[in-house]
Amino acid sequence: MGLSYIHRKFFPAYLLNFANSLGTTVLMPILPFIILGNGAPKWVFGLFISLYSIFQFIGSPVLGAMSDRLGRKPVLLISHVGTLLSWFIFLGALYSPKYELWGTMLPLWIIGVSRILDGLTGGNTSVANAYVADITTRKEKLYIFGYIGGITGVAMMLGPGIGGFTASRELGHAGTILTAIFISVITLISIFAWLKESLPVEKRVKANGESILGLFNISKRMKVINPDKQIKVLFVMKLLFTAMMGTYIGSIALFIIDTFGFDEKELGMFMLVVGLFLAFNQAFVSKVFIKRLGEFKTLILGLLLVTIGLFSITMTSNLYYFFAYYYVMNLGLSLCFPTFNALIAIHANNSHKGETLGVSESISSFSLALFPVLSAIIYTIIGEHLFHFVSCLPFVGLILGLFSTKIIKD
């Protein structure tokens, strides 16, 4: 379709989701080697992945609620400046002296600060999704959130490819961070130039004097948005799905390195090919399923394929078979990514749409905060058997969905 007007007005949201997804995935091929190069154990990889999501968990409802009160554009601009700053801090860590501070090398402390800031400001994904929800009809939500879900999914898989490729160039790890800075600058410019405020003053929620700490209380936020049965079921299913994703993200790079002995470039190229799989599935295959089955049935099928694929990748050390099983899992992911947010946006209360999507992002961030570090620790103990247990999570979500078909409708 090209960058027509309808896509130009959504372009900042597309790019923001892409940039935020890169916040974790672009580091996957290089973080294990940075950590080992600073004398830290493998599980610190999971900790750094978790740090981003812990603070994204905090930031998502805060930024979502702020956007309901102040408007979408100012919150998106200010928060993304913070994201850009976090990448400059990370770049500084690569050139900082390697001396020990409180039992840990200084560069790792600086990287930790960078991940915290990036997580806090990366919570603006909920605001971008609220912006999209503001300016779309019910019918448009189905395919626009499909595009956003696809872009997020592709970023999650292409990010490691970008990270590995740029790290293999002359600048090494700094090249990866400079690439992230470039993407963040383009995103900031697009928000400023193309994004039009979608929430007029008369529709904004008035401040109620609630403390900032109160915004971190997700159970309290649930009472405020007063979700109906559809949203509650979708939230539980999303929790199970993102718990699986958090475990996968925290351990898959370690598993691939151990199985195939890849270095940064080889791991990045592997993830790039995986990302191309996902891009193909998202661009062509998922639309066919959504058109024929509808969002909810497509989500159920996606959870089934993820369960099968995640279990199967542990059954072989042959790279070609591994790719085949990985494709099954990625097809499932490409069916799940676009459908969750579309269904939540459709069923959300209009007066609390930003906050509902903020809670949705916080559910994702909670899982991505808790499970990467746990999975990295558990993987060092039980190895590939971790994935056998984790494949049960999307399967439980699948069963819950099958029992909820009368509650949730496309």
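Preceding block: the structure.
Residues numbered from 1 in each chain as written. Predicted model: local features only at pLDDT ≥ 70, side-chain atom pairs only at ≥ 80, totals over all residues. Heavy atoms only, no water.

1. Describing the overall build of the protein chain
Keep this limit in mind: Secondary structure counts use DSSP, requiring at least four H or I residues in a row for a helix and at least two E residues in a row for a strand, with both numbered from the N terminus. Per-residue accessibility, obtained with a 1.4 Å probe over protein chains only, is compared with the maximum for each type, and a residue is labelled buried under 20%, exposed over 50%, and partly exposed between these values. The contact criterion used throughout is that any non-hydrogen atoms of two residues lie within 4.5 Å. All accessible areas in this document rest on Shrake-Rupley with a 1.4 Å probe, and a residue is counted as covered only by the protein chains that are shown.
Looking only at helices and strands, one finds 17 helices and two strands in the protein chain. Out of the 410 residues belonging to the protein chain, those deemed buried represent 59%. Sequence-distant contacts, at least 24 apart, represent 85% of the contacts inside the protein chain between residues at least 6 apart. Accessible area of the protein chain: about 16,600 Å², with a carbon and sulfur share of 70%.

2. Things to note about the packing of helix α11 (residues 229-260) against helix α17 (residues 392-402)
Going by this rule: Note on geometry: axes are lines fitted to C-alpha atoms, helical ones only across the stretch in contact, with angles between N-to-C directions running from 0 to 180 degrees. For this classification, under 35 degrees means roughly parallel, over 145 means roughly antiparallel, 65 to 115 means roughly perpendicular, and everything else is oblique. Left-handed is the label given to a crossing in which the near helix is rotated counterclockwise from the far helix by less than a right angle, and right-handed is the label when the rotation is clockwise. Each residue gets one of three labels, nonpolar for Ala, Val, Leu, Ile, Met, Phe, Trp, Tyr, Cys and Pro, charged for Asp, Glu, Lys and Arg, and polar for the others, Gly among them.
Following both chains from N to C, one finds α11 and α17 inclined at 165°, their axes separated by 8 Å at the closest point. Judged by the inter-axis angle, α11 sits roughly antiparallel to α17. Note on packing geometry: the crossing formed by α11 with α17 is left-handed. When α11 is examined against α17, the residues Val233, Val236, Met237, Leu240, Ala243 and Met244 are found in contact with a partner set consisting of Leu393, Pro394, Val396, Gly397, Leu400 and Gly401. Tallied by class, the residues present in the contact of α11 with α17 amount to 10 nonpolar, two polar and no charged.

3. With respect to the packing of α11 against helix α13 (residues 295-312)
A pair of packed helices is characterised by two quantities: the angle between their axes and the separation of those axes. At a closest axis distance of 13 Å, the pairing of α11 and α13 adopts a crossing angle of 30°. Taken together, the axis directions place α11 and α13 in an arrangement best described as roughly parallel. α13 is crossed by α11, and the crossing has left-handed handedness. Contacts between α11 and α13 involve Leu234, Met237, Phe241, Met244 and Tyr248 from the former and Phe296, Leu299, Ile300, Leu303, Val306 and Leu310 from the latter. Partitioning the contact of α11 with α13 into residue classes produces 11 nonpolar, no polar and no charged.

4. Section: the nonpolar core
In plain terms, the rule: Think of a nonpolar core as a cluster: buried Ala, Val, Leu, Ile, Met, Phe, Trp, Tyr and Cys residues, connected wherever their side-chain atoms sit within 4.5 Å.
Within the largest apolar cluster, 102 residues are counted, with the highest numbers of intra-cluster contacts made by Phe241, Met245, Ile252, Ile256, Phe270, Leu299 and Tyr326. If you tally residues by element for this core, the top one is α11, at 17 residues. Beyond its immediate chain neighbours, meaning those up to four positions away, Phe241 contacts Leu303, Leu333, Cys336, Phe337 and Phe340.

5. Here's the deal with a nonpolar patch on the surface
Heads up, the rule is: Patch building starts from residues that exceed 30% relative accessible area and form no salt bridge, then joins like charges within 9 Å and nonpolar side chains (Val, Leu, Ile, Met, Phe, Trp, Tyr) within 5 Å. By definition, a salt bridge exists where a carboxyl oxygen of Asp or Glu is found within 4 Å of a side-chain nitrogen of Lys or Arg.
Together, Trp43, Leu47, Leu239, Phe366, Leu370, Leu374, Ile377, Ile378, Ile381, Ile382 and Phe389 give the surface a local cluster of nonpolar side chains, amounting to about 940 Å² of exposed area. Of all the elements in the fold, those that place two or more residues in the nonpolar patch are α3 (43-70) and α15 (353-382). The dominant element in the nonpolar patch, judged by the number of residues it contributes, is α15, at seven residues. Inspection of the secondary structure puts Ile377 in helix α15.

6. Topic: empty space enclosed by the protein
Definition in use: Lining residues are those with an atom within 4 Å of a point, where the points come from a 1 Å grid over the protein atoms alone and group into cavities, where a 1.4 Å probe fits but cannot get out, or pockets, open sets with protein on both sides within 12 Å along at least five of seven lines. Grid points are joined across faces, edges and corners, and a volume is the space filled by probe spheres set on the points.
Across all of its chains, the model carries three cavities of 30 Å³ or more by this definition. Taken together, 27 residues form the lining of the largest cavity, with Thr152, Met156, Glu361, Ser364 and Leu368 sitting closest to its centre. Among the secondary structure elements, those contributing two or more residues to the lining of the largest cavity are α1 (5-25), α3, α6 (125-134), α7 (138-167), α11, α14 (319-347) and α15. Taken as a whole, the second largest cavity holds about 50 Å³ of empty space. Every residue along the wall of the second largest cavity is listed here: Ala19, Leu22, Val26, Thr83, Trp87, Thr179, Ala180, Ile183 and Ser184.

7. Digging into the side chain of Lys73
Keep this limit in mind: Charge convention: Lys and Arg are scored as positive, Asp and Glu as negative, and His as well as the terminal groups of each chain are ignored.
Here Lys73 shows up in helix α4 (residues 72-94). Lacking a salt bridge, the buried Lys73 has Glu197 as its closest oppositely charged neighbour, with an N-O distance of 7.7 Å. In this view, Lys73 contacts Ile191, Phe192, Leu195 and Glu197; residues no more than four positions away in its chain are not counted.

8. Observations regarding the environment of Leu239
Structurally, Leu239 is set in helix α11. Between the C-alpha atom of Leu239 and that of Gly397, which follows or precedes it by 158 residues, the distance is 8.7 Å. Filtering out sequence-adjacent residues up to four positions away, Leu239 remains in contact with Ile363, Phe366 and Ser367.

9. A look at the pattern of salt bridges
Scanning the entire structure with this criterion turns up three salt bridges. The shortest N-O distance in the salt bridge between Asp68 and Arg72 comes to 2.7 Å. Just as Asp68 is buried, Arg72 falls in that class too. Taking the shortest distance from any N to any O, the salt bridge between Asp134 and Arg72 comes out at 2.7 Å.

Keep in mind these numbers describe shape, not what the thing actually does.
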